2 protein chains.
Amino acid sequence: MTEPREAETDAAEDEFQLSKQDIEAIGKAIDDGDSPALDSLLEPAHAADIADLIEQLTPARRRVFLQLYSGEIDGEILSEIDEGIRDEVIEQLPHEVLAEAVREMDSDDVVDLIEDMGAPEQQALLAALDESDRAAIEQSLTYPEYSAGRLMQSEVVTAPEHWTVGETIDFLRSEEWLPDQFYHVVLVDPRRHPIGYVTLGKLLASRRDVALRDITEDSFRTISVLQEEGDVAHAFNKYHLISTPVVDEHDRLVGMITIDDAMSVLDEEHEEDILRLAGVGDESAITDSVAETLRQRLPWLMVNLVTAIIASLVIAVFETTIQQVVALAVLMPIVASMGGNAGTQTLTVAVRALATKSLTGSNVWRVVRREAVVGILNGFAFAVVMGLVAWVWFDGISLAAVIGIAMIVNLAIAALAGILIPLALEKAGADPALASGTFVTTVTDVVGFFAFLGLASAVLL
Amino acid sequence: MTEPREAETDAAEDEFQLSKQDIEAIGKAIDDGDSPALDSLLEPAHAADIADLIEQLTPARRRVFLQLYSGEIDGEILSEIDEGIRDEVIEQLPHEVLAEAVREMDSDDVVDLIEDMGAPEQQALLAALDESDRAAIEQSLTYPEYSAGRLMQSEVVTAPEHWTVGETIDFLRSEEWLPDQFYHVVLVDPRRHPIGYVTLGKLLASRRDVALRDITEDSFRTISVLQEEGDVAHAFNKYHLISTPVVDEHDRLVGMITIDDAMSVLDEEHEEDILRLAGVGDESAITDSVAETLRQRLPWLMVNLVTAIIASLVIAVFETTIQQVVALAVLMPIVASMGGNAGTQTLTVAVRALATKSLTGSNVWRVVRREAVVGILNGFAFAVVMGLVAWVWFDGISLAAVIGIAMIVNLAIAALAGILIPLALEKAGADPALASGTFVTTVTDVVGFFAFLGLASAVLL
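Residue numbering note: each chain is counted from 1, following its sequence as written. Numbering of ligands from 1 and lettering of chains from A proceed in the order in which they are written. Local features in a predicted model are, by the rule used here, given only for residues with pLDDT of at least 70; side-chain atom pairs are given and counted only at 80 or more, and totals for whole chains, interfaces and linings are based on all residues. To obtain the side-chain values, all non-hydrogen atoms of the structure were included, while hydrogens and water were left out.

A. Spotlight on the interface of chain A and chain B. Listed by partner, the interface residues are 145 residues for chain A and 144 residues for chain B. By buried area we mean the combined loss of accessible area, with a 1.4 Å probe, across both parts when two parts are placed together. Where chain A abuts chain B, roughly 13,100 Å² becomes buried across the two surfaces, and 62% of that area is made up of carbon and sulfur atoms. Its largest share of buried area at the contact with chain B, chain A owes to Leu204, Met263 and Ile286 of chain A, together 7% of the area lost on that side. Here a salt bridge means any side-chain nitrogen of Lys or Arg lying within 4 Å of a carboxyl oxygen belonging to Asp or Glu. Lys238 of chain B is paired through a salt bridge with Asp49 of chain A; the nearest N and O atoms lie 2.9 Å apart. Between N or O atoms, a polar contact is any pair within 3.5 Å; within protein, one atom must be a potential hydrogen donor and the other a potential acceptor, and residues adjacent in sequence are included only when both atoms are from side chains. There are 41 residue pairs in polar contact (both at pLDDT 80 or more) connecting chain A and chain B. In this description, contact between two residues means that some pair of their heavy atoms is separated by no more than 4.5 Å.

So this is what it looks like as structure tokens:
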């Protein structure tokens, strides 16, 4: 079924992914308007790969592709397409294709698909569903965005708490409808409160007369429907959960979250953190248009411009000093740059530690102290190096001393700003990943220029 | 079993995590040397939370804690502890506790635990294991680090391809040893080649006389034992895999990778990307010592110092110009800073797109073009803004024109550097996350200073 492989990277992907030749052939089929060729080329492809293909086509080709292939677009492909592109795809799909796709999807995927639509489009799609599916989705949509209620699927396999293994297996064999993927049978009491769960492995390995309640898992926990999805993903990763029942405010079972959805959320949260740290809108995608990209990036560049001007105002204070010792203009960006980099190092570690909840009340002062010590030691190291460079370059021992001291001051402040600013933002309820960078580099620029030029004015003039 | 909850964040964690009062009580028990109190306080805690606690103790308290609690440290707790701290913990544990812990662990966790140990320590621990377990682990250790072979567990539930559902269930009921968690029964031919798998859900829902081969999953794929673990994690996330058989070079089944391990790898890879982008050693942890932290950060600050000096050399070329128009010294950091930020935005998006394989041959030129257009448009926008600022501030229309043009040049170059440098590094086989940042800001500093000061020399003097 599979061929022996030697490659160390990308082998698993190659098995799924479309090859370069495939993609060229697909491009040709699109240009030729050859719908049967397209169908047969894409027949062996995984839905995720077809979604990737759709994302990577130019908008013009994508339109043609959707006309040729729309009959084959199913729920699985739709749920794999990136949100930005998906809206475009949905608009171009015939209503009946979309309705059929939605009927096949798990409730969590339908929610993900329609939650950003306008009310009329939502209603049109929901009308295609069975009444019970529709009710489940409408219920999900009442929960806040990014909550467990939006992430869960309403399809759950349950059993009364008094059942035996045999009764459960008989039930599963007789039940016409079961979720595609499920990993636990949830035990519920008569009021639908989940009271434990049994793994399918245990169910299979136990004799028919064993009571379910005797083989439940110790790790059983429930998640509140209002829980933030990032926290859910974090809990899945930390506690090695596979699927977890979701309960409403009355502790009644309303759905189930499975690890594959938690993994996607974890992936998205990381992506957002990285993009936020870089001052890029957190929904940036490589498929965005020029206008979209500008909209995301201009605001942060504008913030940066303001902070850069603030740093320049500090330089302006020392104009006369610079005019007399022009070497200061040459050296001052070095002090600022080193501070900015050292600050960014500290803040990245701090932001990550906050995100993974490993920076807590019990170790925070120890970490702050460590960063301060590291900052001062870094400062001394680079004071020596940069002092020597300045001495040799400009032949001035006082200038060397000034840059050395400025380096120590700025690297120490950089370390403190790098840890204290994210902590303060977290405390204030803001996302430290989003704004720390700008604050920290503003501090290091201002302190760097002020320490260096101020000392120089005092010592050199 | 669970209390109704209202909180929107941290509810799921609160259910597991140790409370502030618990942690204080634990601290007191450690100081009092009260081993029974410690046992009863930690009795309800999840292994992951006990591991977190151990990580967050000061080294001195950790030593006392391990003496008081060593009898309770099991395989689960050990595998949850961060690597840096784990080595310290292992050294302090009595050999019999360690041996017992290792005996309980899945083979992938044992591999993770011992792979970085010296040969004598490895041998000492392996000696505690059954012969078959030991053989499986020694086999895993022959595969390259960060390969699927190290990540997999050797425990797999298999069935001959001709079995029925009934035969499989009887086998599972009679088998004394089964993995804690498994999600598929893998069908193997007589030469142990995996030829398909059946989900436990399907197994439970099918009649006893159904042949396994009639209910296998379409999504069945295998992973090569040599596959890089990051690619494995990416495939799990992309294709929604739950567990996947691992095969050797002869396509024979050697193990299984489950999604929880893939999720941990995905998490670690992201962490590394973020830390590398910030120029921090990619194994930084909040628990590192001062010496460890310095060792990770100094090299990158040194690289930054060299690039900052290179940028300063450009300034030095224009010393006379600056002496005559000192406003240049005030304004030049703004041009460089805007270039650095715009370049970082582009490079972050590019590095992420490369990591998630969404920047490919078929869209690369489109993305490069988009970035260039965005760079030029950003340049024009900030040329106008900064031109006005400079005009008002220094009352010079020529100076305003100079900074405007320099801004356009630098933001356009920043965009190109931000996308082309990561692409070039990827092509050269280097990790774009690791080195792009330094290259890009060097380019934007040098271009920024050169364009601004060079133009100023030509126009203003």
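B. Main features of the side chain of Gln345 of chain A. Along the polypeptide, Gln345 of chain A turns up in helix H19 (residues 327-355). A polar contact of 2.7 Å, which involves the side chain of Gln345 of chain A, links it to the backbone oxygen of Gly279 of chain B. For Gln345 of chain A, the contacting residues outside a window of four places in its chain are Ala278, Gly279, Val280, Arg297, Trp300 and Leu301 of chain B. Put simply, DSSP marks the helices as runs of H or I at least four residues long and the strands as runs of E at least two long, and each gets a number from the N terminus on.

C. Broad picture of the UniProt feature "transmembrane region" (unreviewed entry) in chain A. UniProt positions are given in the numbering used here, feature names are shortened, and annotations may be inferred rather than shown by experiment. The residues that UniProt annotates with the feature "transmembrane region" (unreviewed entry) are residues 298-318, 324-351, 372-394, 400-425 and 437-460 of chain A. A distance of 42 Å separates the end C-alpha atoms of residues 324-351 of chain A, which is 93% helix and 0% strand.

D. Region of interest: the nonpolar core. In terms of nonpolar packing, the biggest core is built from 76 residues, with Phe452 of chain A together with Phe452 of chain B touching the most fellow members. Those residues within four positions of Phe452 of chain A in sequence are excluded, and the remaining contacts are Leu328, Leu331, Met332, Val335, Val402, Ile403 and Ala406 of chain A. What is meant by a nonpolar core is a set of buried Ala, Val, Leu, Ile, Met, Phe, Trp, Tyr and Cys residues, joined one to another through side-chain atoms within 4.5 Å. Working definition: with a 1.4 Å probe on protein chains only, accessible area under 20% of the residue-type maximum means buried, over 50% means exposed, and in between means partly exposed. Listed in part, the 44 residues of the second largest apolar core include Val225, Val246 and Ala262 of chain A together with Met152 of chain B.

E. Representation of the UniProt feature "domain: CBS" (unreviewed entry) in chain A. Residue and element names in this part refer to chain A. Mapped onto the present numbering, the UniProt feature "domain: CBS" (unreviewed entry) falls on residues 152-213 and 215-272. Secondary structure across residues 152-213 comprises 26% helix and 23% strand; the distance between its end C-alpha atoms is 25 Å. Secondary structure over residues 215-272 splits into 43% helix and 22% strand, and the C-alpha atoms at its two ends are 40 Å apart.

F. Structural context of the relation of the copies chain A and chain B. The fit set for superposing copies consists of C-alpha atoms from residues with pLDDT of at least 70 in both; the fit itself is least squares. The transform that puts chain A on chain B rotates by 180° and translates by 0.0 Å along the axis, for an RMSD of 0.1 Å. Such a combination of turn and shift is consistent with a two-fold rotation axis. Same-surface contact between copies: 99% of interface residues of chain A are shared with the interface of chain B.

G. Layout of a nonpolar patch on the surface. All names here are of chain A. Residues with no salt bridge and a relative accessible area higher than 30% make up the patches, which join like charges within 9 Å and nonpolar side chains (Val, Leu, Ile, Met, Phe, Trp, Tyr) within 5 Å. Using the Shrake-Rupley algorithm and a 1.4 Å probe, accessible areas are obtained, with residue cover drawn only from the displayed protein chains. Residues Val384, Leu388, Trp391, Val392 and Ile397 make up a contiguous nonpolar surface patch of roughly 530 Å² in combined accessible area. The dominant element in the nonpolar patch, judged by the number of residues it contributes, is helix H20 (residues 364-394), at four residues. With respect to the helices, strands and loops of the structure, Val392 is situated in helix H20. Residue Val392 is classed as exposed on the basis of its relative accessible area, which comes to 71%.

H. Here's a closer look at the sheet that holds strand E6 (residues 253-258) of chain B. Residue and element names in this part refer to chain B. For two strands to be treated as a pair, DSSP must find at least two bridges joining them. Read from one edge of the open sheet, three strands run E4-E5-E6, paired in mixed fashion. Lying at the two open borders of the sheet, with one neighbouring strand each, are strand E4 (223-224) and E6. Strand direction decides the pairing type here: strand E5 (residues 243-247) and E6, joined by five bridges, are antiparallel. Residue pairing in the sheet places Val246 in a bridge with Gly255 of E6.

I. Molecular detail of the packing of H20 of chain A against helix H21 (residues 397-427) of chain A. Residue and element names in this part refer to chain A. Here the axes come from fitting lines to C-alpha atoms, over the contacting stretch only for helices, and the angles between their N-to-C directions go from 0 to 180 degrees. Between H20 and H21, the shortest axis-to-axis distance is 7 Å and the interhelical angle comes to 155°. By the angle between their directions, the pair H20 and H21 is classed as roughly antiparallel. Both H20 and H21 take part in a crossing whose hand is right-handed. Three residue categories are used. Nonpolar comprises Ala, Val, Leu, Ile, Met, Phe, Trp, Tyr, Cys and Pro, charged comprises Asp, Glu, Lys and Arg, and polar comprises the others, including Gly. The class makeup of the residues in the contact of H20 with H21 is 25 nonpolar, five polar and one charged. Here the word oblique covers every angle except those under 35 degrees (roughly parallel), over 145 (roughly antiparallel) and from 65 to 115 (roughly perpendicular). What makes a crossing left-handed is the near helix being turned counterclockwise from the far one by less than a right angle; a clockwise turn instead makes it right-handed.

J. Expanded view of the environment of Thr164 of chain A. All names here are of chain A. Examined against the element boundaries, Thr164 turns out to sit in the loop between strand E1 (158-160) and helix H13 (165-174). Exposure remark for Thr164: the relative accessible area of 22% places this residue in the partly exposed category. A sequence separation of 42 residues divides Thr164 from Ser206, and the C-alpha atoms of the two residues are 9.8 Å apart. Every residue in contact with Thr164, bar those within four places of it in the chain, is listed here: Arg208, Asp209, Val210, Ala211 and Leu212.

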